[in-house]
Amino acid sequence: MATFGTLSDRLTETFRNLRTKGKLSPADVDGTVREIRRALLDADVALPVVKDFTAKVRERALGDEVSRALNPAQQVVQIVNEELVAILGGEQRRLQFAKNPPTVIMLAGLQGSGKTTFAGKLARLLEKDGHTPLLIAADLQRPNAVNQLQVVAERAGAAVYAPEPGNGVGDPVKVAKEGVEYAKRHQHDTVIIDTAGRLGVDAELMKQASDIRRVTSPDEVLFVIDAMIGQDAVNTAKAFQEGVDFTGVVLSKLDGDARGGAALSVASVTGRPIIYASTGEGLEDLEPFHPDRMASRILD
Ligand code: GDP
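Residues numbered from 1 in each chain as written. Predicted model: local features only at pLDDT ≥ 70, side-chain atom pairs only at ≥ 80, totals over all residues. Heavy atoms only, no water.

For the protein, the name recorded in an unreviewed UniProt entry is Signal recognition particle protein, with Microbacterium halimionae as its organism. The record held by UniProt for the protein lists under Catalytic activity (unreviewed entry) the comment "GTP + H2O = GDP + phosphate + H(+)". Recorded in UniProt under Function (unreviewed entry), the annotation for the protein is "Involved in targeting and insertion of nascent membrane proteins into the cytoplasmic membrane. Binds to the hydrophobic signal sequence of the ribosome-nascent chain (RNC) as it emerges from the ribosomes. The SRP-RNC complex is then targeted to the cytoplasmic membrane where it interacts with the SRP receptor FtsY." (UniProt positions renumbered as here; feature names shortened; annotations may be inferred.)

1. With respect to the pairing of strand 7 (residues 274–278)
Across the 5 residues of strand 7, 5 count as buried, placing the element largely inside the fold. Sheet topology places strand 6 (residues 248–252) next to strand 7; 3 bridges connect them, and they run parallel. Looking at strand 7, one finds that V249 is bridged to I274. Taken together, strand 6, helix 11 (residues 261–270) and strand 7 constitute a β-α-β crossover, and its handedness is right-handed. (Buried < 20%, exposed > 50% of the residue type's maximum accessible area, 1.4 Å probe, protein only. Helix = DSSP H or I, 4+ residues; strand = E, 2+ residues; numbered from the N terminus. Pairing = 2+ DSSP bridges. Right-handed = clockwise from strand over helix to strand, strands pointing away.)

2. Section: the site of the ligand
Around the ligand sit 17 residues, and of these G112, T116, T117, D255 and E281 come closest. Note that an oxygen atom of the ligand is positioned 3.3 Å from one of the backbone N or O atoms of S113. Coverage of the ligand by the protein chains reaches 80% of its 580 Å² of free accessible surface. Broken down by element, the shell around the ligand gets its largest block of residues, 4 residues, from helix 6 (residues 115–128). Residue composition of the shell around the ligand, by class: 1 nonpolar, 10 polar and 6 charged. (Near = heavy atom within 4 Å. Polar contact = N/O pair within 3.5 Å; in protein donor to acceptor, adjacent residues only side chain to side chain. Areas by Shrake-Rupley, 256 points an atom, 1.4 Å probe, with all protein chains shown as cover. Nonpolar A, V, L, I, M, F, W, Y, C, P; charged D, E, K, R; others polar.)

3. Quick notes on the side chain of T190
The residue T190 is located in strand 4 (residues 190–195) in this model. At 3.0 Å, the side chain of T190 forms a polar contact with the side chain of D189. Apart from the residues lying within four places of it in its own chain, the contact partners of T190 are F97, P102, T103, L126, H131, T132, P133 and L134. (Contact = heavy atoms within 4.5 Å.)

4. Quick word on the UniProt feature "domain: SRP54-type proteins GTP-binding" (unreviewed entry) in the protein
Per the UniProt record, "domain: SRP54-type proteins GTP-binding" (unreviewed entry) is annotated on residues 273–286. In residues 273–286, the share of helix is 0% and the share of strand is 43%. The end C-alpha atoms are 16 Å apart.

This is how it looks when you write it as structure tokens:
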């Protein structure tokens, strides 16, 4: 994707001969919109999202705000930026805490998306802010998942509620419910429930996640999605929105070379805010999500 240069470069190129003209004709705007479309597809934004986005930019670019602008080219770049930020949620959104603790935060997402890693990072962050998080190991699908959560929790210095070893596979819905009750009894003010994922969307696991949601009444359901997922972002996000009606998104693996197209796709098709950006395998690699920074990443 880098071979085509950045969106800003392309627009500058497209605008080079427009600058002298002052006013943009529909043909000028169409040329520009084509560049934007290509750049967004290169950044792996899903096609339907690209179509919606460019239609909106085109309409505004043909409008008065551009024809009246001293520098129409700059005005179009500004519009692209504004529209990106708007889709990405505008203002930064913070985690919602319950009025009556514990605040219950459930995680959902495909296997390998980064849920367990994020659980540890979030526990660490909450502890730094003076909270007393409990991690609940409700991913009983993968043999090693409970152990992995325990390792992450230990590194984060957080407590874990897990089924007793040797008690068979166990019922994740029951474990989640009992875990929340345990948190209440032991004065944990925040609870993070790790749930099972599969490599693809799976009806049985989605029902399990939905049952966990029902019995634990979470304050937040965070959908963790790998930023590298590309064009699959839309279908995966839609399936999880239908299945567990998540309240926010965590974008993981943003330290890779993904340009952030998944962020735009997910935010656009679900209307749910992205709350955190996960940027590495270490416990400290977590940042609040900034829509304006992501817009620049997509533009650059
Ligand atoms: P889960 O199956 O959803 O619980 O996913 P895991 O938390 O086990 O993560 C799967 C793999 O991705 C592991 O090897 C993690 O170390 C890695 N991982 C998770 N988050 C990040 C991240 O933000 N950046 C990078 N580079 N790797 C990550």
